[in-house]
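Chain residues, written in single-letter form:
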Amino acid sequence: MNVVLLSGGVGGARFARGLQAALAPGELTVVGNVGDDVEILGLHVSPDLDSILYTLAGLNDEERGWGRAGETWSALAAASAWGGEDWFMLGDLDIGLHLVRTQALRSGTPLSAVTSELVAAAGLPSRIVPATDERLRTHVVTPAGTFPFQEWFVGRGHGDEVDAVAFDGAGEASPAPGVIEAIEGADAILIAPSNPYVSVQPILAVPAIGDALAARRVRSVAVSPLVGGRAVKGPADRMLSRMAGGTTPRHVADCYPGLLDALVIDESDAPADAGVPTVVTSTLMIDLDAARALAEKALEAAR
Ligand code: GDP
Ligand code: CA
């Protein structure tokens, strides 16, 4: 069963790992958000692609929730002591990856090609493809002004309420090689329990991707990132409250108009009229077994 998963970083990566465990090798293609990408200390960082890569490879730090297990921070401390920028946390192990990617990008290799090389180096049985190789950057509009995504998320600790999001470059962006082929060859489309506004919508904002999904001939199922009307982590609930007017399954489903055949929701949010059929299960991915069980439910709903 060939499956395409649209995914942001941490929540998406946890779900992707469950899917990878539930599927046969080669069956999973993860299309990752690049709206969060940022240049730090001259290095090209792709936080969502990296969360997916680290998590699928079992290299992620479960407790911190992002980055690599066993991480150390000497390079950043040294950069900071020399007066370099230190607002964005980059660990030593993480920097090793950013060096390799940045060098490849500077020599003209597209992001999708570098990403496949990293996936191959990790020996993964799944594919990870950025939504686009072109420049696409999320900006958030807040009462305090409009900020590039990471300046708001990390720099300002996502403290400002969000009135709107914009995806600079999305309108002109073409999908990375492999994205449309994967969607057209998929037996099911899944949308991860990622932040709808800043993780999934930047992928859908690439016109050819949105069009290919709208024209799908297979089922498409999303997993809600809410448990009991609250985000497990991060600002998704606050964003839904302010921009959609609430945090029910209906508000989540409405973020994906015309793109859902079912929505998987947590027991604590049921029963609910989401406007599309719902599948009720426990959606908290406390470990790999829980993520795999959730993935199996979503796959069942997508058959
Ligand atoms: P980011 O790019 O690192 O912010 O990650 P994502 O957008 O992919 O994931 C963030 C979302 O994941 C948040 O809205 C969380 O509510 C959601 N999330 C994290 N862990 C879980 C979980 O175990 N179950 C569910 N249903 N959602 C989760
Ligand atoms: Ca992200």
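Everything below is about the structure shown above.
Keep in mind that this is a model prediction, so the values were computed, not measured. (Residues numbered from 1 in each chain as written. Chains lettered and ligands numbered in written order. Predicted model: local features only at pLDDT ≥ 70, side-chain atom pairs only at ≥ 80, totals over all residues. Heavy atoms only, no water.)

1. Let's talk about the sheet that holds strand β9 (residues 188–191)
Neighbouring strands of a sheet are bound in pairs by backbone hydrogen bonds; such pairs are parallel or else antiparallel.
Next up, step 1: Here 7 strands make up an open sheet; going across it, the order is β5-β2-β1-β9-β10-β13-β14 and the pairing parallel. Since the sheet does not close on itself, it has two edges, and those belong to β5 (127–130) and β14 (278–281), each with one partner. With strand direction ignored, the average angle separating the axes of adjacent strands in the sheet is 20°.
Next up, step 2: Across 4 bridges, the pairing between strand β13 (residues 262–266) and β14 is parallel. Bridged to D266 within β14 is T281.
Next up, step 3: Relative to strand β1 (residues 3–7), helix α8 (residues 196–204) is tilted by about 125°, and along the sheet it contacts β1, β2 (28–32) and β9.
Next up, step 4: In the packing of helix α12 (residues 288–302) onto the sheet, contacts are made with β1, β9, β10 (219–223), β13 and β14, and the angle to β10 comes to roughly 150°. (Pairing = 2+ DSSP bridges. Helix = DSSP H or I, 4+ residues; strand = E, 2+ residues; numbered from the N terminus. Axes fitted to C-alpha atoms, helices over the stretch in contact; angles between N-to-C directions. Contact = heavy atoms within 4.5 Å.)

2. Remarks on the coordination of the calcium ion (ligand 2)
Next up, step 1: Taken together, the protein ligands of the calcium ion (ligand 2) are D36 (OD), D48 (OD) and D48 (OD), with distances of 1.9 to 2.6 Å. With a gap of 12 residues between them, D36 in the loop between β2 and β3 (38–40) and D48 in helix α2 (residues 47–56) connect regions that are remote in the sequence. (Donors = N, O, S within 2.8 Å, 3.2 Å for Na, K, Ca; no water.)

3. Focus on the sheet that holds strand β8 (residues 164–168)
Next up, step 1: The antiparallel open sheet is built from 3 strands, whose spatial order is β7-β6-β8. Bordering the open sheet on either side are β7 (145–148) and β8, each of which pairs with just one other strand. The mean angle between the axes of side-by-side strands here comes to 25°, regardless of whether they run parallel or antiparallel.
Next up, step 2: Sheet strands in contact with α8 are β6 (137–142) and β8, and its direction is about 35° off that of β8.

4. Regarding the nonpolar core
Next up, step 1: In terms of nonpolar packing, the biggest core is built from 85 residues, with L5, L6, F15, L19, L190, I209 and Y256 touching the most fellow members.
Next up, step 2: Excluding residues within four positions of it along the chain, L190 makes contact with V3, V4, L5, L6, F15, L19, V221, A298, L299 and A302.
Next up, step 3: One finds I40, L43, F88 and I95 within the second-largest nonpolar core, a separate group that totals 7 residues. (Core = buried A, V, L, I, M, F, W, Y, C linked by side-chain atoms within 4.5 Å. Buried < 20%, exposed > 50% of the residue type's maximum accessible area, 1.4 Å probe, protein only.)

5. Some thoughts on α2
Next up, step 1: Within α2, 10 of the 10 residues are buried, which leaves it mostly tucked inside the rest of the structure.
Next up, step 2: When α2 is considered as a whole, its buried residues turn out to be P47, D48, L49, D50, S51, I52, L53, Y54, T55 and L56.
Next up, step 3: At the C-terminal side of α2, G58 shows a positive phi close to 70°.

6. Description of the site of ligand 1
Next up, step 1: Inspection of the region around ligand 1 gives 20 residues, with S194, S199, P225, V232 and M285 positioned closest.
Next up, step 2: In the model, an oxygen atom of ligand 1 is placed 2.9 Å from a nitrogen or oxygen of the G12 main chain.
Next up, step 3: The separation between a nitrogen atom of ligand 1 and a polar main-chain atom of T283 is 2.7 Å.
Next up, step 4: Relative to its unbound accessible area of 590 Å², ligand 1 is 91% covered by the protein chains.
Next up, step 5: Here the element with the most residues in the shell around ligand 1 is helix α1 (residues 10–22); it accounts for 4 residues.
Next up, step 6: Residue composition of the shell around ligand 1, grouped by class: 8 nonpolar, 9 polar and 3 charged. (Near = heavy atom within 4 Å. Polar contact = N/O pair within 3.5 Å; in protein donor to acceptor, adjacent residues only side chain to side chain. Areas by Shrake-Rupley, 256 points an atom, 1.4 Å probe, with all protein chains shown as cover. Nonpolar A, V, L, I, M, F, W, Y, C, P; charged D, E, K, R; others polar.)

7. Side note on the pattern of salt bridges
Next up, step 1: Within this structure, the stated rule accounts for 12 salt bridges.
Next up, step 2: Between D163 and R242 there is a salt bridge, and its shortest N-O distance comes to 2.7 Å. One end of the pair, D163, is in the loop between α6 (149–155) and β8; the other, R242, is in helix α10 (residues 236–244), with 79 residues separating them in the sequence.
Next up, step 3: Assessed through its relative accessible area of 42%, R242 is described here as partly exposed.
Next up, step 4: Overlapping salt bridges, with partners in common, bring together R250, D254 and D273 in one network. (Salt bridge = Lys/Arg side-chain N within 4 Å of Asp/Glu carboxyl O.)

8. A look at a nonpolar patch on the surface
Next up, step 1: On the surface, V232, L284 and I286 cluster together to form a nonpolar patch covering roughly 290 Å² of accessible area.
Next up, step 2: For V232, the location among the structural elements is in the loop between β12 (230–231) and α10. (Patch = residues over 30% accessible without salt bridge, like charges linked within 9 Å, V, L, I, M, F, W, Y side chains within 5 Å.)

9. Focus on the packing of aromatic side chains
Next up, step 1: Taken as a whole, this structure holds 5 aromatic pairs when the rule is applied.
Next up, step 2: On the numbers, 5.8 Å between centres and 65° between planes, the contact of F149 with W152 is edge-to-face. One end of the pair is F149 and the other is W152, both in helix α6 and 3 residues apart, which spans about a single turn. Considered together, F149 and W152 belong to a single accessibility category, that of buried residues.
Next up, step 3: When the centroid spacing of 5.2 Å and the interplanar angle of 15° are considered together, the rings of F149 and F153 count as stacked. Of this pair, F149 and F153 both sit in helix α6, 4 residues apart, which is roughly one turn of that helix.
Next up, step 4: On the basis of relative accessibility, which here comes to 29%, the residue F153 falls in the partly exposed class. (Phe/Tyr/Trp six-rings, centres within 6.5 Å; stacked < 30°, edge-to-face > 60°.)

10. Brief notes about helix α4 (residues 92–106)
Next up, step 1: With 15 residues, α4 ought to run about 21 Å at 1.5 Å a step, and its terminal C-alpha atoms sit 21 Å apart, in line with that.
Next up, step 2: D94, I95, L97, H98, R101, T102 and A104 are the residues of α4 that are buried.
Next up, step 3: The secondary structure elements touched by the buried residues of α4 are β4 (43–45), α2, α3 (74–81) and α5 (111–122).
Next up, step 4: Count one or two residues on from α4 and you reach G108, which has phi positive near 100°. (Expected span 1.5 Å × (residues − 1).)

Take it as geometry only, folks, not as evidence of what the structure does.
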